[in-house]
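Here are the chains, one letter per residue:
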Amino acid sequence: MYFIQNIAEMQNLAQQWRNEGLGIGFVPTMGALHAGHVSLMERAKENERRVVSVFVNPRQFGANEDFSRYPRMLETDCALCEKQGVDAVFAPNAKELYAFADGVQIVAPKPMSSVLEGAARPGHFDGVLDVLARLFHIVQPHKAYFGRKDAQQLLIVRQMVAELFWGIEIVGCPIVRDFKGLALSSRNAYLSEQGYYQALQIARATKALEDAIAKGNRDAHSLLASTRAILAPLQVDYLMAVDYMLNEVEILQDNASLIVMAVIVENVRLLDNVWV
Ligand code: AMP
């Protein structure tokens, strides 16, 4: 497995693969890899070559967020990628990736990026698109893999790629949960044991939602009301039924809408959602 930090080196390797006609699958991450990330790597096996990036992107963290305490474990991450048969881990450094302090910046579309996560984290999606645009140019993937757990991110990245006529297929992958049903996240490590048990209420809420939707309920008002009741003991930042442009909807449509939620437990933002 290649371990690459230098940008030109990664770009040359990707170009060489492209010249050889090999398909490149790309999994961008911030590291502290878990089974959720592994599921993306597995899905990316449909490409001849797989690249995983590990980069804790300063531009997507707000001033009072957890950038400095975000878990960093590059060696363990590399070992896991190697075990998965990944072809290259790309771990650029911020100085090279953002060589110009006042350089080019990408701005996410306002209607999609100022709501939900974007309302609580102003500028977050600008930072996400900024780093992904750079990484896409370096890694030159044919396909890039994103978890549905970060639903808003997935939909905004898809929008960027479509708007910029960028020939990358954005593949959304199912949410991976632990054995009690909590969606895996690198940030779960911040929870105390008690916090973890509180957070399981989110797993109960999403399970109940999935069951109700499977039974044919598409009425946002009633689905949200019963979810709100289950989440009542927790601090809910938002709970909404939306379409793929993140507009609120009253009736859920199959393959065109989802229910998104952000819940705060012990100051940790926990995201979950159910796609219809
Ligand atoms: P992160 O390292 O948190 O930036 O996540 C990197 C990628 O892994 C993103 O596309 C996430 O949506 C995805 N991901 C994180 N957690 C999960 C999960 N539990 N299930 C599926 N995908 C996930």
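You'll find the structure just up there.
In this report, we go over the structure that sits alongside the text.

Calculation rules
Residues numbered from 1 in each chain as written. Predicted model: local features only at pLDDT ≥ 70, side-chain atom pairs only at ≥ 80, totals over all residues. Heavy atoms only, no water. Helix = DSSP H or I, 4+ residues; strand = E, 2+ residues; numbered from the N terminus. Rg over C-alpha atoms; globule rule 2.2 N^0.38 Å. Buried < 20%, exposed > 50% of the residue type's maximum accessible area, 1.4 Å probe, protein only. Contact = heavy atoms within 4.5 Å. Areas by Shrake-Rupley, 256 points an atom, 1.4 Å probe, with all protein chains shown as cover. Lys, Arg positive; Asp, Glu negative; His and termini not counted. Charge placed at Lys NZ, Arg CZ, Asp CG, Glu CD. Near = heavy atom within 4 Å. Polar contact = N/O pair within 3.5 Å; in protein donor to acceptor, adjacent residues only side chain to side chain. Pairing = 2+ DSSP bridges. Right-handed = clockwise from strand over helix to strand, strands pointing away. Salt bridge = Lys/Arg side-chain N within 4 Å of Asp/Glu carboxyl O.

**Regarding the overall build of the protein**
And then number 1: Counting its secondary structure elements, the protein contains 10 helices and 9 strands.
And then number 2: By the compact-globule yardstick of 19 Å for 276 residues, the protein fits well, its C-alpha radius of gyration being 19 Å.
And then number 3: Overall, the C-alpha framework of the protein stretches about 55 × 40 × 40 Å when taken along its three principal axes.
And then number 4: Residues classed as buried in the protein amount to 53% of the 276 residues present.
And then number 5: The long-range fraction of contacts in the protein, counting pairs at least 24 apart against all pairs at least 6 apart in sequence, stands at 71%.
And then number 6: Just so you have it, the protein exposes about 13200 Å², and 51% of that area is on carbon and sulfur atoms.
And then number 7: With 26 positive and 31 negative side-chain charges, the protein shows a separation of 2 Å between the mean positions of the two kinds.

**What to know about the site of the ligand**
And then number 1: Taken together, 17 residues surround the ligand, and among them Met 30, Gly 147, Asp 150, Val 176 and Leu 184 come closest.
And then number 2: Residue Val 176 places a main-chain N or O atom 2.9 Å away from a nitrogen atom belonging to the ligand.
And then number 3: When residues in the shell around the ligand are grouped by element, the largest group, 3 residues, is from helix H2 (residues 35–43).

**Regarding the environment of Met 41**
And then number 1: Of note, Met 41 is situated in helix H2.
And then number 2: For Met 41, a relative accessible area of 1% translates into the label buried.
And then number 3: Here the alpha-carbon distance between Met 41 and Val 86, two residues 45 residues apart in the chain, equals 7.6 Å.
And then number 4: Discounting chain neighbours no more than four positions away, the residues touching Met 41 are Val 27, Leu 33, Arg 50, Val 52, Leu 80, Cys 81, Gln 84 and Val 86.

**Some thoughts on the pairing of strand E6 (residues 169–173)**
A regular strand places its side chains on the two faces of the sheet in alternate fashion.
And then number 1: Burial analysis of E6 places 4 of its 5 residues in the buried class, which makes it a mostly covered element.
And then number 2: When strand E5 (residues 143–147) meets E6, the two strands line up parallel, connected through 5 bridges. Residue pairing across strands places Ala 144 opposite Ile 170, the latter belonging to E6.
And then number 3: On the question of chirality, the crossover connecting E5 to the parallel E6 by way of helix H8 (residues 151–163) is right-handed.

**A closer look at the side chain of Asp 77**
And then number 1: If you trace the backbone, Asp 77 turns up in helix H3 (residues 74–83).
And then number 2: Notably, Asp 77 is buried but unbridged: the nearest opposite-charge side chain belongs to Arg 72, and the N-O separation is 9.6 Å.
And then number 3: At a separation of 3.0 Å, a polar atom in the side chain of Asp 77 contacts the main-chain amide nitrogen of Leu 33.

So far we have only geometry, and geometry alone does not tell us how the molecule works.
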